[in-house]
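# Architecture at a glance
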Amino acid sequence: MTDPNIDFSMVLASAVHDMKNSLGMLLNSLDELRGEHEQSLAGSDKFNMLQYEAERMHNDLVQLLGIYRLGENNLSAHIDEHFVPDFLEEHLARHIPLLQGLGLKYSIAADDINGFFDEDLLTGVLNNTINNAIRYTKSQIRLIAREEDGYLVLGVEDDGQGYPESMQHTGTLSFKSLDFNTGGTSLGLFFASSVAALHSEGERTGSIKLHNGGSLGGGVFEIWLP
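Since the structure is predicted, the reported quantities are computational estimates derived from the model, not experimental observations.

Here is what the cut-offs are and how they apply
Residues numbered from 1 in each chain as written. Predicted model: local features only at pLDDT ≥ 70, side-chain atom pairs only at ≥ 80, totals over all residues. Heavy atoms only, no water. Helix = DSSP H or I, 4+ residues; strand = E, 2+ residues; numbered from the N terminus. Buried < 20%, exposed > 50% of the residue type's maximum accessible area, 1.4 Å probe, protein only. Contact = heavy atoms within 4.5 Å. Areas by Shrake-Rupley, 256 points an atom, 1.4 Å probe, with all protein chains shown as cover. Arc of directions from axis to C-beta. Core = buried A, V, L, I, M, F, W, Y, C linked by side-chain atoms within 4.5 Å. Expected span 1.5 Å × (residues − 1). Polar contact = N/O pair within 3.5 Å; in protein donor to acceptor, adjacent residues only side chain to side chain. Phe/Tyr/Trp six-rings, centres within 6.5 Å; stacked < 30°, edge-to-face > 60°. pLDDT = per-residue confidence, 0-100.

As a further point, take the overall build of the protein. If you tally the helices and strands in the protein, you get 7 helices and 10 strands. Within the protein, the fraction of its 226 residues that count as buried is 45%. Here the contacts in the protein between residues at least 6 apart in sequence split such that 70% fall between residues at least 24 apart. Just so you have it, the protein exposes about 12100 Å², and 51% of that area is on carbon and sulfur atoms.

Given below as structure tokens:
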């Protein structure tokens, strides 16, 4: 018999929050292990896969919590000014040990510009996008930032096969439009699109853009913020 006094969505959100924190501690421990045993672990496929999958699960849980808060009308953007190159360098640094372990090249191509955005929300978007790029790239990824048409554009490029035509998209995504049978990126794209939409200025609202090409010739993910 179901207890009508139990809010199962709140129970699940609480459990997801605890799992996210536990995975965060696990990721910190993996970083410490890599540092302490750099010679033996740097080229370990099993260790690299463990770190990659733990990071991926952590990102998924961050997104689930964000979407839960969005559904509860409890997710908002706290806008501050940030120097964009420093922001990108800080968040790429988190992934450098894994990138080096996998033998992948990495770079940043960012104009010396300031941007106005919610650092925590953009961190969640970037971490997930970098993690996806690591999965699909052949040999390198690049973080990009520029101003275009009055928008701050932050992006992640790779030299992989690129996005299939069905995934190439410009604008915002609705939850009903997602096809969860096509792979594991739909939740991340919806989260990114929702974060972009929380950033607005006047009648202009943020959005995401997925296309192929860029400087590396593979997939390009961009988030446009007014």
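For helix H4 (residues 84–93), the full list of buried residues reads Val 84, Pro 85, Phe 87, Leu 88, His 91 and Leu 92. Here the buried residues of H4 occupy an arc of 160 degrees about the axis, which is enough to place them on one side.

Take the nonpolar core next. Generally speaking, a soluble globular protein has its nonpolar side chains buried in company with each other. Of all hydrophobic cores here, the largest spans 38 residues; its most connected members are Val 84, Leu 122, Leu 154, Ile 208, Phe 221 and Ile 223. Residues within four places of Leu 122 in sequence aside, it is in contact with Phe 87, Phe 117, Leu 154, Val 195, His 199, Ile 223 and Leu 225. Leu 23, Leu 41, Phe 47 and Leu 65 belong to the second-largest nonpolar core, a separate cluster that totals 10 residues.

The terminal C-alpha atoms of helix H6 (residues 119–136) lie 26 Å apart, and with 18 residues this matches the ideal 26 Å at 1.5 Å per residue to within 8%. Measuring from the backbone nitrogen of Asp 120 back to the side-chain oxygen at the start of H6 gives 3.0 Å, which picks out Asp 118 as the cap.

Turning our eyes to something else, we now look at the packing of aromatic side chains. Applying the stated criterion across every chain yields a total of 2 aromatic pairs. Here Tyr 151 and Trp 224 contribute two aromatic rings whose centre-to-centre distance is 6.0 Å and whose plane-to-plane angle is 65 degrees, an arrangement assigned as edge-to-face. Here Trp 224 lies in strand E10 (residues 218–225) and Tyr 151 lies in strand E5 (residues 151–158), a separation of 73 residues in the sequence. Neither residue differs from the other here; Tyr 151 and Trp 224 are each classed as buried.

This brings us to the environment of Lys 138. With respect to the element layout, Lys 138 can be found in the loop between H6 and strand E4 (140–148). Here Lys 138 falls in the exposed class, since its relative accessible area comes to 57%. Each C-alpha atom of the pair Lys 138 and Gly 160 lies 5.0 Å from the other, and the pair is 22 residues apart in sequence. Excluding its chain neighbours within four sequence positions, the residues that come into contact with Lys 138 are Leu 104, Asp 159, Gly 160 and Gln 161.

Time to look at the environment of Gly 66. Within the secondary structure, Gly 66 is located in helix H3 (residues 45–71). Along the primary structure Gly 66 and Phe 191 are separated by 125 residues, whereas in three dimensions their C-alpha atoms are 7.3 Å apart. If near-sequence neighbours (up to four positions away) are discounted, Gly 66 is found in contact with Leu 75 and Phe 191.

So, on to the confidence of the model for the protein. Looking at the protein, pLDDT values average 86 and 89% of them are 70 or higher. Ranking the helices and strands of the protein by mean pLDDT puts E4 first, with 97, and strand E6 (residues 169–171) last, with 62.

Relative to the helices and strands, His 95 is located in the loop between H4 and helix H5 (96–101). In terms of polar contacts, His 95 uses its side chain to reach the side chain of Asn 127, at 3.2 Å. Once residues lying within four places of it in the same chain are set aside, the contact partners of His 95 are Glu 55, Asn 127, Ile 130 and Ile 134.

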